[in-house]
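Chain by chain, the residues run as shown.
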Amino acid sequence: MWGGRFAEGPASVMREINASIPFDKRLWQQDVAASKAHVAMLGATGIVSAADAATISAGLDAVAADYAANGVAEDYALEDIHMQTEARLADKIGPVAGRLHTARSRNDQVATDFRLWVRAAIDQVDAALGAFQDALIARAAQHADAVMPGFTHLQSAQPVTLGHHLMAYYEMIARDRSRFADARVRGNQCPLGSAALAGTGFPINRAMTATALGFDAPTQNSLDGVSDRDFALDYLMAATQCSLHLSRLAEEFILWASQPFGFVSLSDQWSTGSSIMPQKRNPDAAELVRGHSGRIAGCMTALVMTMKGLPLAYSKDMQDDKPPVFEAHDLLALSIAAMTGMVDSATFRTDRMRAAAEAGFSTATDLADWLVREAGLPFREAHHVTGRAVKLAEERGLPLDQVPIADLQAIDSRIDVAVYKVLSVDASVASRTSLGGTAPARVRAAIADARLRREGEKA
């Protein structure tokens with residue numbers, strides 16, 4: 001490729017470290033598409049003849065058919081997917097293939113191919129996350145009024161509903177999708193035509209290639225066009241945040257599936273057994289999702305560290321931009337699919353959830369609120385009175401709603417029998433009617449709104 005300048009070939013180790021074909025072969029579809037857009041522009045502008053442009057375009061179709069049928073050979077002498085494609089093209093159409101690289105560099109070529117790949121990856125992730133949201137909505141609708149303990153510090157705090165809990169993850173995933181959508185908008189500019197770093201003297205039409213490839217516009221600075229990897233970092237940042245949300249739900253499933261909780265039974269499809277303990281039912285899929293989040297965050301960190309000190313424009317370090325993105329995408333796709341499957345097929349033990357909610361004095365705040373609302377106590381005083389009531393209930397081994405009225409009145413004479421109307425877990429959740437609250441009516445309204453949004457997205 002550069003034999004005119006170098007008298008000797010590279011050392012064997014140099015050949016290996018310099019080659020990116022083992023991983024960038026994944027870009028073959030994008031490389032062919034961008035090359036076809038480029039040669040069409042070269043023909044339209046008269047930079048190459050119409051006949052040569054047509055020959056090259058047909059040759060690229062033949063190369064793509066070979067790739068689809070037989071894969072991409074890992075020829076280290078050809079270094080990367082770009083030289084691989086050009087070499088195969090030359091095998092098919094002869095020397096005219098050399099005209100394809102007119103007015104472009106591998107620098108703007110790879111920047112374009114990689115943007116196209118990341119854009120497609122975002123679309124794939126968004127579709128998968130939408131399906132995950134559908135699973136969350138469906139299960140939340142089934143359990144809109146199923147009472148469970150809400151936790152802070154993993155201690156029983158206030159009762160909520162399972163539907164409310166699942167819809168919290170719907171909202172997290174909605175934010176993840178918005179981050180991916182933002183990344184797609186920012187990254188949807190075309191570097192093709194930036195050439196090596198300074199642009200080109202050929203009369204190219206960058207708007208034509210940008211439009212042909214579905215970009216919103218060409219990039220506005222050739223130096224930035226070839227050296228920018230913000231689009232890849234944006235993808236990894238969004239993937240990392242999304243994986244954290246998936247990991248949080250995975251962790252909850254792991255806890256809930258344990259015998260002390262017993263809140264959920266994961267289906268056989270998403271569980272494994274033990275080679276020695278026949279009774280075991282391990283939530284391995286959830287554990288792997290939890291583990292994948294660390295690897296995805298590591299991929300993000302790897303590219304951040306690669307890019308942090310690079311001067312303009314292109315440096316060979318940037319060859320290492322693609323492996324972390326590819327790895328993160330594969331792991332994220334697996335994690336989303338696994339969590340969707342687990343949510344779809346899980347059996348929720350709502351009886352165990354209710355018993356746990358009733359056992360943890362989770363309606364204590366309702367007693368304090370009642371004292372404020374009905375007896376006129378300042379909240380801090382009501383908090384103190386309620387704390388004494390909880391201590392008494394704990395000593396007696398009773399839930400709050402079974403402590404005799406005489407004992408409650410001995411703590412504070414302003415308490416009357418009407419307080420029992422707010423001390424059950426059902427009364428507690430039903431009272432949380434504020435916007436975003438856990439009252440079943442609010443949960444059903446949130447589910448209806450989410451369904452409308454999803455229907456609008458699918459239309």
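In what follows, the structure referred to is the one given above.
About the thresholds
- Residues numbered from 1 in each chain as written.
- Predicted model: local features only at pLDDT ≥ 70, side-chain atom pairs only at ≥ 80, totals over all residues.
- Heavy atoms only, no water.
- Helix = DSSP H or I, 4+ residues; strand = E, 2+ residues; numbered from the N terminus.
- Contact = heavy atoms within 4.5 Å.
- Salt bridge = Lys/Arg side-chain N within 4 Å of Asp/Glu carboxyl O.
- Buried < 20%, exposed > 50% of the residue type's maximum accessible area, 1.4 Å probe, protein only.
- Phe/Tyr/Trp six-rings, centres within 6.5 Å; stacked < 30°, edge-to-face > 60°.
- Lys NZ or Arg CZ within 6 Å of the ring centre and 35° of its normal.
- Expected span 1.5 Å × (residues − 1).
- Patch = residues over 30% accessible without salt bridge, like charges linked within 9 Å, V, L, I, M, F, W, Y side chains within 5 Å.
- Areas by Shrake-Rupley, 256 points an atom, 1.4 Å probe, with all protein chains shown as cover.
- Axes fitted to C-alpha atoms, helices over the stretch in contact; angles between N-to-C directions.
- Parallel < 35°, antiparallel > 145°, perpendicular 65-115°, else oblique.
- Left-handed = near helix turned anticlockwise from the far one by under 90°.
- Polar contact = N/O pair within 3.5 Å; in protein donor to acceptor, adjacent residues only side chain to side chain.
- Pairing = 2+ DSSP bridges.
- Nonpolar A, V, L, I, M, F, W, Y, C, P; charged D, E, K, R; others polar.

Asker: Would you mind going over the environment of Leu371 with me for this structure?
Answerer: Position of Leu371 among the secondary structure elements: in helix H14 (residues 364-375). Distance from Leu371 to Val160, taken between C-alpha atoms, is 21 Å for residues 211 residues apart in sequence. For Leu371, the residues in contact, after removing those within four places along its chain, are Gly376, Leu377, Ala382, Val385, Thr386 and Ile415.

Asker: How do you make sense of the pattern of salt bridges when you look at a structure like this?
Answerer: For side chains of opposite charge, pairing can occur when their charged atoms come near one another. Considering all chains together, one arrives at 32 salt bridges under this definition. Here Asp80 ties to Arg106 by a salt bridge, and the two come within 2.6 Å at their closest N and O atoms. Residue Asp80 is found in the loop between helix H4 (50-70) and helix H5 (81-93), and its partner Arg106 is found in helix H6 (residues 106-142); the two are separated by 26 residues along the sequence. Residues Asp80 and Arg106 agree in their burial class; the two are buried.

Asker: In this structure, what is going on with the packing of aromatic side chains? I would like to understand it.
Answerer: The relation between two aromatic rings is expressed through the spacing of the ring centres and the mutual angle of the planes. Enumeration according to the criterion identifies 10 aromatic pairs in this entry. Summarising the aromatic geometry, the rings of Phe253 and Phe348 are spaced 6.2 Å apart at their centres and angled 70° between planes, so their arrangement reads as edge-to-face. On the criterion of sequence distance, the pair formed by Phe253 in helix H10 (residues 230-257) and Phe348 in strand S6 (residues 347-348) is long-range, its members being 95 residues apart. What makes Phe348 buried here is its relative accessible area of 7%. Pairwise contacts between aromatic rings join Phe151, Phe253, Trp256, Phe261, Phe263 and Phe348 into one cluster. Taking the ring centre of Phe326 as reference, the NZ or CZ of Arg26 above it sits at 4.9 Å. Directly above the aromatic system of Phe215 lies the positively charged group of Arg119, at a separation of 4.9 Å from the ring centroid.

Asker: What exactly am I supposed to notice about H6 here?
Answerer: What sets the pattern is the α-helix's 3.6 residues per turn: residues three or four places apart point alike. For H6, with 37 residues, the first-to-last C-alpha span of 54 Å sits near the 54 Å given by 1.5 Å per residue. By the criterion of burial, H6 is predominantly enclosed, with 26 of the 37 residues buried.

Asker: Mind showing me how you'd approach a nonpolar patch on the surface here?
Answerer: On the surface, Leu197, Leu223 and Leu312 cluster together into a nonpolar patch covering about 270 Å² of accessible area. Assignment of secondary structure puts Leu197 in the loop between strand S3 (189-190) and helix H8 (206-212).

Asker: What should I look at first to understand the packing of H14 against helix H15 (residues 379-396) in this one?
Answerer: The relative placement of two packed helices is expressed as an angle between their axes plus a distance between the axes. It is the contact of H14 with H15, at a shortest axis distance of 8 Å, that shows an interaxial angle of 135°. Classified by the interaxial angle, the pair formed by H14 and H15 is oblique. When you trace H14 past H15, the crossing you get is right-handed. Two secondary-structure elements touch here, H14 through Ala364, Leu367, Ala368, Asp369, Leu371 and Val372 and H15 through Phe379, Ala382, His383, Val385, Thr386, Ala389 and Val390.

Asker: What exactly am I supposed to notice about the side chain of Ser105 here?
Answerer: Residue placement: Ser105 occurs in the loop between H5 and H6. Given the relative accessible area of 13%, Ser105 is considered buried. At 2.9 Å, the side chain of Ser105 and the backbone nitrogen of Asn107 are in polar contact. If sequence neighbours within four positions are ignored, Ser105 has contacts with Ala195 and Ala196.

Asker: Please explain the pairing of strand S2 (residues 155-161) as it appears in this structure.
Answerer: Residues in a regular strand project their side chains so that they alternate between the two faces of the sheet. One ladder, built from six bridges, connects strand S1 (residues 147-152) with S2; its direction is antiparallel. Along S2, the bridge assignment pairs Val147 with Thr161. Between S1 and S2, which pair antiparallel one after the other, the connecting turn spans two residues, and His153 there sits at a positive phi close to 60°.

Asker: How should I be thinking about the packing of H10 against helix H12 (residues 322-345) in this particular structure?
Answerer: In contact at an axis separation of 10 Å, H10 and H12 are set at 30° when each is read in the N-to-C sense. Comparing the axis directions of H10 and H12 gives the class roughly parallel. Between H10 and H12 lies a crossing whose hand is left-handed. Between H10 and H12, the residues in contact are Ala232, Tyr235, Leu236, Ala239, Cys242, Ser243, Leu246, Leu249, Ala250 and Phe253 and Pro324, Val325, Ala328, His329, Leu332, Ser335, Ile336, Met339, Met342 and Val343, respectively. Considered class by class, the residues forming the contact of H10 with H12 number 17 nonpolar, three polar and no charged.

Asker: What exactly am I supposed to notice about the side chain of Ser247 here?
Answerer: Mapped onto the fold, Ser247 is located in helix H10. Residue class for Ser247 comes out buried when judged on its relative accessible area of 11%. Within polar-contact distance, the side chain of Ser247 engages the side chain of Ser293 at 3.5 Å. Those residues in contact with Ser247 that sit more than four places away from it in its chain are Val289, Arg290 and Ser293.

These values are about where atoms sit, not about what they do.
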